[in-house]
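Close look at the chain arrangement
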Amino acid sequence: MQQADFLKIVGPFQDKLFRLAKRLLVSKEEAEDATQEILLKLWTKSKNIGEYKNVEAFAMTMTKNFCLDRLKSKQAGNLKLVHTNYEEKGSSLQKRIEANDSVSWVEKIMDGLPDQQKMVLQLRDVEEYDYDEIAKMLEMKPTAVRVALSRARKTVRDKLIQKHSYGIG
């Protein structure tokens, strides 16, 4: 397989791999490293890439597994929190501060979720995969995906309500 052909296949979902890795690993640098590792692994399998029904789902599963292994490894102690600012052009400073605060709170709440709920929420609400695709990627039943998503959303909603009601979360 030529490099151009490979890039045509993986290019459309490369950002999704990075976002999933960033959600799991938190650090932008770690997520970039993980994405590069997955792309390298896909390149080594490029001769057989046509045999996979859904290369994107396969790559997302590889990313999930790689990130979870990375978190379990000794190197996980080196992972650091790097927050990227949410920026919206043309808004007042106050609105940008409030948006940054809200995004920051949602990210903190999501980071506190159990791994399965965190991945389901990321894949469904951020990456917009359907339930069946998520079930295949995470090796779960579609009903279990729905339950995990429901629980994750409820936790995020409850904690945001608590934070806004009491001022401190």
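Every chain is numbered independently, its residues counted from 1 as its sequence is written. Restriction of local features to residues with pLDDT of at least 70 applies here, the model being predicted, together with a cutoff of 80 or more for giving and counting side-chain atom pairs; totals for whole chains, interfaces and linings are based on all residues. Just so you know, side-chain values use all the structure's heavy atoms and leave hydrogens and water out.

The name given to the chain in an unreviewed UniProt entry is RNA polymerase sigma factor, with Zobellia amurskyensis as the source organism. UniProt positions are given in the numbering used here, feature names are shortened, and annotations may be inferred rather than shown by experiment. The chain has a UniProt comment under Sequence similarities (unreviewed entry) that states "Belongs to the sigma-70 factor family. ECF subfamily."

**Let's talk about the environment of A144**
Numbering of helices and strands starts at the N terminus; helices are DSSP runs of H or I of at least 4 residues and strands are runs of E of at least 2. Mapped onto the elements of the fold, A144 is located in helix 8 (residues 142–166). For the pair A144 and V120, spaced 24 residues apart in sequence, the C-alpha separation works out to 9.9 Å.

**Some thoughts on the side chain of T61**
Note that T61 resides in helix 4 (residues 55–72). When accessible area is computed with a 1.4 Å probe and restricted to protein chains, residues below 20% of their type maximum are described as buried, those above 50% as exposed, and intermediate ones as partly exposed. For T61, a relative accessible area of 15% translates into the label buried. Looking at T61, its side chain comes within polar contact range of the main-chain oxygen of A57, at 2.9 Å. Residues adjacent in sequence count toward polar contacts only when both atoms are side-chain atoms; beyond that, a polar contact is any pair of N or O atoms within 3.5 Å, and within protein one must be able to donate a hydrogen and the other to accept it.

**Considerations on the packing of aromatic side chains**
Aromatic rings in a pair are described by how distant their centres are and how their planes are angled relative to each other. Each Phe, Tyr or Trp ring, with Trp reduced to its six-membered ring, pairs with another whose centre is within 6.5 Å; inter-plane angles below 30 degrees give stacked pairs, above 60 give edge-to-face pairs, and intermediate values give tilted ones. Inspection of the entire model under this criterion finds one aromatic pair. Ring-over charges, as used throughout, are those where CZ of Arg or NZ of Lys falls within 6 Å of the ring centre and within 35 degrees of the ring normal. Stacked on the ring of Y129, the Lys or Arg K16 has its end atom at 4.7 Å from the ring centre. For R124, the ring lying beneath its charged end belongs to Y131, and the centroid distance is 4.3 Å.

**Here we look at the packing of helix 1 (residues 3–10) against helix 3 (residues 28–44)**
Angles here are taken between N-to-C directions and fall from 0 to 180 degrees, while the axes themselves are lines fitted to C-alpha atoms, restricted in helices to the stretch in contact. Relative to each other, helix 1 and helix 3 sit at 125°, their axes nearing to 11 Å. Taken as axis vectors, helix 1 and helix 3 run oblique relative to one another. For the pair helix 1 and helix 3, the crossing hand works out as right-handed. Taking contact as the criterion, the partners of Q3, F6 and V10 in helix 1 are, on helix 3, L39, L42 and W43. Gly falls in the polar group here, along with every residue not listed as nonpolar (Ala, Val, Leu, Ile, Met, Phe, Trp, Tyr, Cys, Pro) or charged (Asp, Glu, Lys, Arg). Classifying every residue of the contact of helix 1 with helix 3 by side-chain character gives five nonpolar, one polar and no charged. Every angle not falling under 35 degrees, over 145, or within 65 to 115 is termed oblique; those three ranges are roughly parallel, roughly antiparallel and roughly perpendicular. Whether a crossing is left-handed or right-handed is set by the direction in which the near helix is turned from the far one by less than a right angle, anticlockwise for left-handed and clockwise for right-handed. Only heavy atoms enter the contact rule, under which two residues are in contact if any of them lie within 4.5 Å.

**A short note on a negative patch on the surface**
Residues form patches when they are more than 30% accessible in relative terms and have no salt bridge. Like charges link within 9 Å. Nonpolar side chains (Val, Leu, Ile, Met, Phe, Trp, Tyr) link within 5 Å. Here, Shrake-Rupley sampling with a 1.4 Å probe gives the accessible areas, and only protein chains in the shown set may cover a residue. Basic side-chain nitrogens of Lys or Arg form a salt bridge, by our definition, when they fall within 4 Å of a carboxyl oxygen of Asp or Glu. A positive count includes Lys and Arg, and a negative count includes Asp and Glu. His and the chain ends are not counted in either. By convention, charge coordinates are those of NZ in Lys, CZ in Arg, CG in Asp, or CD in Glu. The grouping of E29, E32, D33 and E37 at the surface amounts to a negative patch. The residue E29 is located in helix 3 in this model. Residue E29 is classed as partly exposed on the basis of its relative accessible area, which comes to 39%.

**Comments concerning the nonpolar core**
Counting residues in each nonpolar core, the largest one holds 41 residues, and the members touching the most others are L42, V120 and L123. Among the elements that line this core, the one with the most residues is helix 4, at eight residues. Segmentation into domains, and thus their bounds, comes from an automatic or database assignment. Of the domains in this structure, domain 1 (1–84) and domain 2 (100–168) are the two that each give at least three residues to this core. The contacts of L123, once residues within four sequence positions are left out, are L20, M60, E128, Y129, I134, M137 and L138. Working definition of a nonpolar core: buried Ala, Val, Leu, Ile, Met, Phe, Trp, Tyr and Cys residues. They are joined through side-chain atoms within 4.5 Å.

**A short note on the layout of surface pockets**
Rolled over the atoms, a probe sized like a water molecule indicates the empty space that remains. Lining residues are those with an atom within 4 Å of a point, where the points come from a 1 Å grid over the protein atoms alone and group into cavities, where a 1.4 Å probe fits but cannot get out, or pockets, open sets with protein on both sides within 12 Å along at least five of seven lines. Grid points are joined across faces, edges and corners, and a volume is the space filled by probe spheres set on the points. Volume-wise, the second largest pocket comes out at about 200 Å³. Every residue along the wall of the second largest pocket is listed here: K53, N54, A57, F58, T61, D132, E133, K136 and M137. Elements supplying a minimum of two residues to the lining of the second largest pocket: helix 4 and helix 7 (131–138). For the lining of the second largest pocket, the leading source of residues is helix 7, giving four residues. Residues that form the lining of the second largest pocket fall into these classes: three nonpolar, two polar and four charged.

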